[in-house]
Amino acid sequence: FDDMSLICAQIFEGRNEIAQLYKERYKYILIDEYQDINEMQQKNIESILNGDQNLFVVGDDDQAIYGFRGAKPGIMMEFEKRMKREVHIVNLSVNYRCGKSILDNASLVIAENKMRFKKKIVSGTGTNGYVIARRYRTKEEQYEAMSVFLSGQSKLNDIGILCRTNSECKTIASFLKQKGIKSNIENTDDMALYDD
């Protein structure tokens, strides 16, 4: 994948007529997930921007998680400086997925990010919900607490467990099965569908 960006940059640098061809062909350019752009990709975009600089980018600096792939959210932070014309920014500050309590708690965590645009997100759902945060010394202690919580619930179909890895999903499913707690997934291999 990185070769596509690198070779593209080499072509644009070495053959100005090709970059010019794209400048004339594309009057408008849109980039989604702009917080995940890297320097090479940004350089390629700048190589084909025409004089009007009709560039539309969509992104959320607080969702920048691909630094290990070379993404630099700082590029998004410097967007206004990089452009050679007036920039119009539209902030989408209403979240229609989460209740107020979840957003308030998420905002406390996100506020720790050092490089970010300051923003206030409000809930548009009309619901509140609640967040409970707990710490456990061991995974086993955590799983035991989960099983105690789940065994007291009447509607298990309304509850989801989010895991970071397939192996953790399988371990939790196996643990809960031993405790007599049923899940919608019969085979733990199917849990791969829910892994990030």
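Structural data are supplied above this passage.
Keep in mind that this is a model prediction, so the values were computed, not measured.

Caption draft 1: Spotlight on the side chain of Asn44. For Asn44, the position within the fold is in helix α3 (residues 39-48). When residues no more than four places from it in sequence are discounted, the contact partners of Asn44 are Ser5, Cys8, Ala9 and Phe12.

Caption draft 2: Main features of the side chain of Arg116. Within the element layout of this structure, Arg116 appears in the loop between α6 (100-110) and β4 (122-123). In this view, Arg116 contacts Asp61, Asp62, Met77, Ile110 and Ala111; residues no more than four positions away in its chain are not counted.

Caption draft 3: Molecular detail of unusual backbone geometry. Positive phi values are uncommon outside glycine, yet Glu33 reaches one of about 55°. The residue Glu33 is located in the loop between β1 (29-31) and α3 in this model. You can call Glu33 partly exposed: its relative accessible area is 41%. Not every positive phi belongs to a glycine, and Gln53 is a case in point at roughly 50°.

Caption draft 4: View of the pattern of salt bridges. Inspection of the entire model under this criterion finds 13 salt bridges. Linking Glu39 and Arg82 is a salt bridge whose minimum nitrogen-to-oxygen distance equals 3.4 Å. Within this pair, whereas Glu39 is found in helix α3, its partner Arg82 is found in helix α5 (residues 79-82), the two being separated by 43 residues in sequence. Residue Glu39 is classed as partly exposed on the basis of its relative accessible area, which comes to 37%. Residue Arg82 is classed as partly exposed on the basis of its relative accessible area of 24%. Its salt-bridge partner being Arg82, residue Glu78 comes within 3.9 Å of it at the nearest N-O pair.

Cut-offs used in this document
- Note on numbering: residues in each chain are counted from 1, in written sequence order.
- In keeping with the model being predicted, local features are shown solely for residues with a pLDDT of at least 70 and side-chain atom pairs are shown and tallied solely at 80 or more, while totals for entire chains, interfaces and linings include all residues.
- Hydrogen atoms and water are omitted, and side-chain values are computed over all heavy atoms in the structure.
- Here a helix means four or more residues in a row that DSSP labels H or I, a strand means two or more in a row labelled E, and each is numbered from the N terminus.
- By the convention used here, residues are in contact when the closest approach between their heavy atoms is within 4.5 Å.
- Partly exposed residues are those whose accessible area sits between 20% and 50% of the maximum for their type, while under 20% is buried and over 50% is exposed, using a 1.4 Å probe and protein chains only.
- Salt bridges are defined as contacts in which a side-chain nitrogen from Lys or Arg sits within 4 Å of a carboxyl oxygen from Asp or Glu.

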